[in-house]
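A structural walkthrough
Chain by chain, the residues run as shown.
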Amino acid sequence: MAGSRLVTHLAGLGRLAVAFSGGADSALVLAAAVRALGPADVLAVTANSASLAAVELADARRIAAELGVRHLTPPTGELAEPGYAANGRRRCYFCKTTVLSTIAEVAAGHGFPALATGTNADDAVDPFRPGIRAGDELSVHTPLRTLGLSKEDVRAIARQWGLSWADKPAAPCLASRVRYGIPITTATLARVEQAESAVRAVLAGRGLPSRDVRVRDLGGTARIELDTAVATAVHDDPRLLDAVRALGFAEATVSSFRSGGLNHEPG
């Protein structure tokens, strides 16, 4: 079975650090490593930066605690990397190079020379994943990709193991919400995070939770992306639109969620 194959594979890597975002993929690698090696020989390391939403950092801390592994959250300096801050289409490459180098250095300093990420087999064929190259250049292990495990495989294994986050929605970094060419700054990322929190609050007040919530920063305007049924229900709700405008966007619109929506825009 896929879960057993993953555990066996990780057992062969020995003492292991996991670059842990708090998402389902890296969480499964972390959980499988604990099964393979025991919690004392596993280290979770989460890059703590402005591009990681506070709710995701909180989830990462909770999951690491549930698994009984030591969890480090070193600050990372991708915002100081010009190639990242400029927000071109290779932004993720510059980000991952900085973040994974930092995580690898911290992990090695704590006695964990091997580092793994949650890159899965779907990621490997996605043309919008330049960050994968950065991991390969740093010789980071990608057990899910190596074993051909997809996102659905990840969720299936997590359900089989009874893990509470098996169906957790994807939550890419906040920079992925910002249209290419708009510089990435701490303030830009904070505004996106605040806007998404405001949107969730309005939806909760209406009893209309959306599995996926994105606020795309298009420059002077924002595009709120929600599950299709929810987007239809709230497309002209002034409370929702005003909540986002209040954060400094000149205008806001609502549309159906599209994963990696900005990747499909020309430019």
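Report follows, based on the coordinates. Residue numbers restart at each chain and count upward from 1, following the sequence in its written direction. With the structure being a predicted model, the display of local features is reserved for residues of pLDDT at least 70 and the display and counting of side-chain atom pairs for 80 or more, all residues being used for whole-chain, interface and lining totals. Excluding hydrogens and water, the side-chain values take into account all heavy atoms of the structure.

Description of the pattern of salt bridges
For side chains of opposite charge, pairing can occur when their charged atoms come near one another. Salt bridges, as used here, are contacts in which a Lys or Arg side-chain nitrogen is within 4 Å of a carboxyl oxygen on Asp or Glu. Taken as a whole and judged by the stated rule, the model has 18 salt bridges. Residue R191 pairs with D217 through a salt bridge whose shortest N-O separation is 3.4 Å. Pair noted here: R191 is in helix α10 (residues 186–206) and D217 is in strand β5 (residues 213–217), with a separation of 26 residues, a long-range link. Judged by its relative accessible area of 3%, D217 is buried. Each of E56, D59, R62, E66 and K168 takes part in a single network of salt bridges with overlapping partners. Secondary structure counts use DSSP, requiring at least four H or I residues in a row for a helix and at least two E residues in a row for a strand, with both numbered from the N terminus. For the exposure calls, accessible area comes from a 1.4 Å probe over protein chains only, and a residue counts as buried if that area is under 20% of its type's maximum, exposed if over 50%, partly exposed in between.

Observations concerning the packing of aromatic side chains
Only rings of Phe, Tyr and Trp enter the pairing, Trp through its six-membered ring, and a pair is recorded when the two centres are within 6.5 Å. The plane angle decides the type: under 30 degrees is stacked, over 60 is edge-to-face, the rest tilted. For the coordinates displayed, the defined rule picks out one aromatic pair. A ring is scored as having a charge over it whenever the NZ atom of a lysine or the CZ atom of an arginine sits within 6 Å of its centre and within 35 degrees of its normal. Between the NZ or CZ atom of R15 and the centre of the ring of F112, over which it lies, the distance is 3.9 Å. Note that R191 overlies the ring of F249, its terminal NZ or CZ placed 3.7 Å from the centroid.

Quick look at helix α5 (residues 91–109)
In an α-helix, one turn spans 3.6 residues, which is why side chains three or four residues apart end up on the same side. One less than the residue count of a helix, multiplied by 1.5 Å, gives the span that helix is expected to have. When the terminal C-alpha atoms of α5 are compared, their 27 Å separation across 19 residues agrees well with the 27 Å that a helix rising 1.5 Å per residue should span. Among the residues of α5, those classed as buried are R91, Y93, C95, T98, V99, L100, I103 and A107.

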